[in-house]
Amino acid sequence: MMTGKITSVYGNDINTDDIIPASFLQQSTDRKFFAEYAFDRHDPAFRDRCKETDTNIVIGGENFACGSSREQAVYALKENGVVCVIAQSYPDIFYRNSLSNGLVLIAVPDTSAFHMGDELNVDLDNFTIENKTQGTTIRFEMNPDDQNTFQQGGMVGRVRRHLEELLAK
Amino acid sequence: MGQTMVEKIVSHQVGRRVQIGEKIERLPITKLFFNDVIGPPAIENFMADFGEIFDRAGKPAQVFDPKRVFFLPDHSVPTFSIHIAEGVKLMQSFSKERGIKCYKEGDGIEHVVLIEDGQIVPWDIVLGTDSHTDTNGALGTLAFGVGTTDAEYAMATGHLYDFVVPESVKFELTGALPKGVFSKDIILHIIGMMGAGGCSKRVAEFTGPGVRSLTMDARTTMCNMAVEMSARTGIMAYDEVMADFLKDRAEWPVEPIDSDPDASYAATYTIDLSALEPTVAFPNKPANTTPISKLQDMIERSQREPTPDFVPVDDDTITDAFLGSCTNARYEDLVAGAAVMRGHKVHPDVNLIVIPASRKVYERAMDEGLLQVFVKAGANVESSNCGPCFGSHMGVMSGKSKMISTSNRNYKGRMGSPDARIFLASPATVIASAIEGRITDPRKYFE
């Protein structure tokens, strides 16, 4: 169960240049570094809003985080205390990068019920989102493998085991 | 029921027929490359995540197959910061220790050089640490961009994990391109038609006599921008043009590939090339396209009905122009640009930057007098790298800049200031505009 607060609401086609401009990508290999520059050109107030809570939830529209494959976009969100994104759809690259890092991405057909400031309970085991502020609950769909991977924070354990198998040949 | 190329490639690697929508837990990949942006953190993570396992197995920390992995410094070179320089040195030392090819600064852009050097062949599964890895689909491969973590895992085991077999969308190209209209105009037109998310989760398969009429250079431009309509990648079939390109060049065995005539597609579109015009994408996204004859209407609409990603544009004047990037700086792009430039000068109010996509393109352009055309006209011609495409170096934009570029993205802030206006177009359109100081229909230069 994740409890969080909606501190950002975006429209369609937010891209990964919006989330973390390219000029920061090669300034550090430390993931925390990217928190400071999240949405630096598109919405610099994002970082201040994220300070309201440790468990931020971001709402997006269609095609959230399209464009460049930069995984630093995931770090920029996670390191600002974003625990979950709820949007209508995600491109595959960002979805995979989020799976790799345990940033929970939920897809729902309609995000209009979610407003800035709403407090949510996100139940990954039962696939429900309870909006405590609005008094509503919706269900969402998620592949059980993805649910497992999000909860484990990635799949490095599986890859390690695979590497061990290969080296033993 | 027939299969698409995507299904065939995955089936071949997995060793049995796969279904669309099926999740492949461990998909073997055949080529993997890193640029200077992601190479250094991927190397660090590879050592951190797997070093211990290699130690315990008593084996050196080697990549899955050093002949199938490449490092190419292309984004931020010549290295413009100490941190970037340290990163390139790390890529070089890591490669040297392991017998991996690490290209030199100035050798060129990742999505150009490996194809030039015959490292990419049909039936490959290609992973690159850059979303424009889709470019390689023009060689009949399943090629896509991945993040640092997927790339690091692939480095260790040669696999991509939990890959879901995607559907394909067919774009059947018919007719022939009119003079002054190029493959960049085709793909911009398609992206405008489909929208920024129009191909989401699907592979864009470009086919038909229209594709077969295009050279390899022209084809790569189209696959390159498939990601701009959120396609997983772009792909094209093997044919005589590809066979000819790969002859005496391919470093790996070449086998033909095409989709079966009865393969199943999520959607099919027909594009008549003869009906196309030079096309321009307006800020702030590649999908904001207009045929050049409707340029004034588009300018007026941007002022009347702006949105967060369709910002007001004052007029058609420009201050900057860029002929470069993985999208459009190959030999033929320079030929087209030079054909327009020849006999003219860069407009006094415009800064034109020209960056050949690779050292080989640079040398050929030099030998054939193309570079001279640009230099004498007043362009700034640079050694091969990604250049100002992504807003870090080689010509960063101010808030007052209006840039027309042969690259692939014009998001807010993409090339520098968030207030800059970036237009995307073909090399011919970019050079015509650089001459006249305003967005210009290049067709008059081809009469």
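Since we're looking at a predicted model, the values are computed, not measured.

Would you mind showing me how to read the overall build of chain A here?
Of the regular secondary structure elements, chain A holds six helices and seven strands. Across chain A, helices and strands are ordered from the amino to the carboxyl terminus as β-α-α-β-α-β-α-β-β-β-β-α-α. For a compact globule of 169 residues, the expected C-alpha radius of gyration is about 15 Å, and chain A comes in at 16 Å, within 12% of that figure. Dimensions of chain A, computed from the C-alpha atoms along their principal axes, are close to 55 × 40 × 25 Å. Every one of the 169 residues in chain A was classed for burial, and the buried ones make up 47%.

Just checking my understanding: could you explain the domain arrangement of chain B for this structure?
Think of interface size as the accessible area that goes away when the parts come together; that is how it is often given. All names here are of chain B. For chain B, the assigned domains read domain 1 (5–164), domain 2 (168–275) and domain 3 (279–446). Measuring from the centre of the C-alpha atoms in domain 1 to the corresponding centre in domain 3 gives 30 Å. If you look at the interface, domain 1 gives 15 residues, while domain 3 gives 14 residues. For the side of domain 1 that touches domain 3, the class distribution of residues is five nonpolar, seven polar and three charged.

Quick question: what am I supposed to make of helix H13 (residues 370–377) of chain B here?
In an α-helix, one full turn covers 3.6 residues, which means residues spaced three or four apart are oriented alike. All names here are of chain B. Every buried residue of H13 is listed here: Leu370, Leu371, Val373 and Phe374. Considered in projection along H13, the buried side chains sweep an arc of 160 degrees and stay on one side of the axis. Its buried side turned inward, H13 meets helix H11 (331–341), strand S15 (351–354), helix H12 (359–367) and strand S16 (380–381). Directly beyond the C-terminal end of H13, a positive phi value near 105 degrees is found at Gly378.

Just to check I follow, could you spell out the packing of helix H6 (residues 156–167) of chain A against helix H2 (residues 39–57) of chain B for this structure?
The contact between H6(A) and H2(B) brings their axes to 10 Å, and the two run at 25 degrees. By the angle between their directions, the pair H6(A) and H2(B) is classed as roughly parallel. The hand of the H6(A)/H2(B) crossing is right-handed. Where H6(A) abuts H2(B), its residues A:Val156, A:Arg160, A:Leu163, A:Glu164 and A:Leu167 lie against B:Asp49, B:Phe50, B:Ile53 and B:Ala57. Grouping the amino acids of the contact of H6(A) with H2(B) by side-chain chemistry returns six nonpolar, no polar and three charged.

Parameters and conventions
- Residues numbered from 1 in each chain as written.
- Chains lettered and ligands numbered in written order.
- Predicted model: local features only at pLDDT ≥ 70, side-chain atom pairs only at ≥ 80, totals over all residues.
- Helix = DSSP H or I, 4+ residues; strand = E, 2+ residues; numbered from the N terminus.
- Rg over C-alpha atoms; globule rule 2.2 N^0.38 Å.
- Buried ≥ 20, exposed ≤ 12 C-beta atoms within 10 Å, placed from the backbone.
- Domains from an automatic or database assignment.
- Contact = placed C-beta atoms within 7 Å.
- Nonpolar A, V, L, I, M, F, W, Y, C, P; charged D, E, K, R; others polar.
- Arc of directions from axis to C-beta.
- Axes fitted to C-alpha atoms, helices over the stretch in contact; angles between N-to-C directions.
- Parallel < 35°, antiparallel > 145°, perpendicular 65-115°, else oblique.
- Left-handed = near helix turned anticlockwise from the far one by under 90°.

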